[in-house]
Amino acid sequence: GAGVSQSPRYKVAKRGQDVALRCDPISGHVSLFWYQQALGQGPEFLTYFQNEAQLDKSGLPSDRFFAERPEGSVSTLKIQRTQQEDSAVYLCASRLYGTGFPGELFFGEGSRLTVL
Amino acid sequence: GENVEQHPSTLSVQEGDSAVIKCTYSDSASNYFPWYKQELGKRPQLIIDIRSNVGEKKDQRIAVTLNKTAKHFSLHITETQPEDSAVYFCAASPPNDYKLSFGAGTTVTVRA
């Protein structure tokens with residue numbers, strides 16, 4: 001596809017359930033980011049991949065959050081034992097170049113997670 | 001890390017008037033300042049960006065100004081139209097960094 005694709009678009013989970021959110025970045029993009037966007041707030045950085053390497057996971061809120069990009073393309077954000085405070089929109093974004101080359105982030109439409 | 005503050009949080013303007021959104025940043029080394037527009041339920045999209053080696057950049061009805069000394073930058077939208085109604089986010093990034101730090105957003109409503 002031409003843009004960043006995320007699935008599912010909407011996910012409702014019961015507290016304590018595990019969830020997995022998928023991101024298909026633009027083909028050939030080196031950088032991939034996950035951001036968390038709470039209602040009425042700006043995106044907050046979670047983690048960054050350059051190809052398959054996770055270079056920064058400093059924004060992950062707890063060890064219940066885990067992200068991977070094993071082949072340097074598709075990425076999955078996994079949240080274990082979901083809590084109500086995990087409810088947010090999770091945005092994936094990709095960028096053509098790696099570190100040191102700031103440029104446009106192409107965002108997906110996000111996965112809205114609601115934890116009951 | 002970088003901290004970006006944005007104001008106002010909401011802005012209502014009459015169609016045809018101008019809108020101005022202001023942001024401040026904390027890291028004096030930051031050198032890349034993009035603006036993203038997010039329509040309701042849609043993905044954020046880049047509308048304009050500026051690097052620290054210039055003070056102003058224009059693209060049709062939108063312009064961004066940067067004051068490195070004061071560490072603030074602003075988005076100006078002239079001749080606003082209903083389709084300009086959206087949430088606008090400013091962001092900043094230090095050199096050789098990969099992540100953007102975003103402001104909290106400004107909800108712009110253009111009244112017909």
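That block above? That's the structure.
Parameters at a glance
- Along each chain, numbering runs from 1 in the same order as the chain's sequence is written.
- For this description, chains carry letters from A and ligands carry numbers from 1, given in the order in which they are written.
- Only residues with pLDDT of at least 70 are given local features in this predicted model, and only at 80 or more are side-chain atom pairs given and counted; all residues enter the totals for whole chains, interfaces and linings.
- Side-chain metrics rest on all non-hydrogen atoms present in the structure, leaving aside hydrogens and water.
- Throughout, a contact is declared for two residues whenever any of their heavy atoms are within 4.5 Å.
- Buried area is a sum: the accessible area each of two parts loses on coming together, probed at 1.4 Å, counted once for each and added.
- A carboxyl oxygen of Asp or Glu within 4 Å of a side-chain nitrogen of Lys or Arg is what we treat as a salt bridge.
- Note on conventions: DSSP H or I runs of at least 4 residues are helices, E runs of at least 2 residues are strands, and numbering of each starts at the N terminus.
- Here the term charged refers only to Asp, Glu, Lys and Arg, the term nonpolar to Ala, Val, Leu, Ile, Met, Phe, Trp, Tyr, Cys and Pro, and the term polar to all other amino acids, Gly among them.
- Two strands make a pair as long as DSSP finds a minimum of two bridges between them.
- To get an axis, fit a line to the C-alpha atoms, keeping to the stretch in contact for a helix; angles then go from 0 to 180 degrees between the N-to-C directions.
- Detection works on a 1 Å grid of protein atoms alone, calling trapped sets that fit a 1.4 Å probe cavities and calling open sets with protein on both sides within 12 Å along at least five of seven lines pockets, with lining residues defined by an atom within 4 Å of a point.
- Grid points are joined across faces, edges and corners, and a volume is the space filled by probe spheres set on the points.
- Residues belong to one nonpolar core when they are buried, are Ala, Val, Leu, Ile, Met, Phe, Trp, Tyr or Cys, and are joined through side-chain atoms within 4.5 Å.
- Buried means the residue's accessible area, taken with a 1.4 Å probe over protein chains only, is under 20% of the maximum for its type, while exposed means over 50%, and partly exposed covers the values in between.

K.L.:
Now, about the interface of chain B and chain A: what can you tell me, with residues and values included?
P.N.:
Taken together, the contacts link 18 residues of chain B with 25 residues of chain A. Roughly 1800 Å² is buried in total at the junction of chain B and chain A, and carbon and sulfur atoms are behind 53% of that figure. Three residues, R43(B), Y98(B) and F102(B), lead the burial of chain B against chain A; their summed loss comes to 37% of the area buried on that side. Across the chain B-chain A interface, the total number found is two salt bridges. Of the charged contacts in the structure, one is a salt bridge between K99(B) and D56(A), with a shortest N-O distance of 3.1 Å. Within the residue set of the side of chain B that touches chain A, elements represented by two or more residues are β4 (32–38) and β5 (45–51) of chain B. Ranked by residue count, the leading element in the side of chain B that touches chain A is β4(B), at three residues. Here the side of chain B that touches chain A is built from residues that sort into nine nonpolar, four polar and five charged.

K.L.:
Before we move on, can you summarise the sheet that holds strand β1 (residues 5–7) of chain A with the specific residues and values?
P.N.:
Residue and element names in this part refer to chain A. If you trace the four strands from one edge of the open sheet to the other, you get β1-β3-β8-β7, paired in antiparallel fashion. Since the sheet does not close on itself, it has two edges, and those belong to β1 and β7 (65–68), each with one partner. Across the sheet, the mean angle from the axis of one strand to that of its neighbour is 15 degrees, orientation sign disregarded. When β1 meets strand β3 (residues 19–24), the two strands line up antiparallel, connected through three bridges. What sits directly across from S5, in β3, is D24.

K.L.:
Describe the layout of surface pockets, listing the residues and the values that go with them.
P.N.:
Here the largest pocket is characterised by a volume of approximately 610 Å³. Q37(A), L39(A), G40(A), R112(A) and Q38(B) are the residues nearest the centre of the largest pocket, which is lined by 30 residues in total. Counting residues per element, the ones that place at least two in the lining of the largest pocket are β9 (88–95) and β11 (111–115) of chain A together with β9 (86–92) and β11 (106–111) of chain B. In terms of residue class, the lining of the largest pocket is built from 12 nonpolar, 13 polar and five charged. The computed volume of the second largest pocket comes to approximately 240 Å³. Within the residue set of the lining of the second largest pocket, elements represented by two or more residues are β5 (44–50) of chain A together with β10 (101–102) of chain B. A breakdown of the residues in the lining of the second largest pocket according to their chemical character gives seven nonpolar, four polar and five charged.

K.L.:
Got a sec to walk through the nonpolar core? Specific residues and values, please.
P.N.:
Core analysis: the biggest nonpolar cluster contains 23 residues, and I21(B), Y25(B), F33(B), W35(B), F73(B), L75(B) and Y88(B) have the highest contact counts within it. Broken down by secondary-structure element, the contributors of at least two residues to this core are β2 (10–14), β3 (19–25), β4, β5, β7 (62–67), β8 (72–77), β9 and β11 of chain B. Those residues in contact with Y25(B) that lie beyond four places of it in its chain are E2(B), N3(B), V4(B), S30(B), F33(B), L66(B), N67(B), K68(B), K71(B), H72(B), F73(B) and A92(B). Grouped together as the second largest cluster of nonpolar side chains are 20 residues, C23(A), L46(A), F65(A) and C92(A) included.

K.L.:
Describe in detail the pairing of β9(B), supporting the description with residues and values.
P.N.:
Residue and element names in this part refer to chain B. The buried count for β9 comes to six of seven residues, which makes it a mostly enclosed element. Bridge count for β4 against β9 is four bridges, and the pairing is antiparallel. Residue pairing in the sheet places W35 in a bridge with C90 of β9. Where β9 lies against β11, three bridges are found, and the strand directions are antiparallel. Pairing of A86 across the sheet is with V108, part of β11. Direction of pairing for β9 relative to β10: antiparallel, over a ladder of two bridges. Opposite A92, over in β10, you have S101 as the bridge partner.

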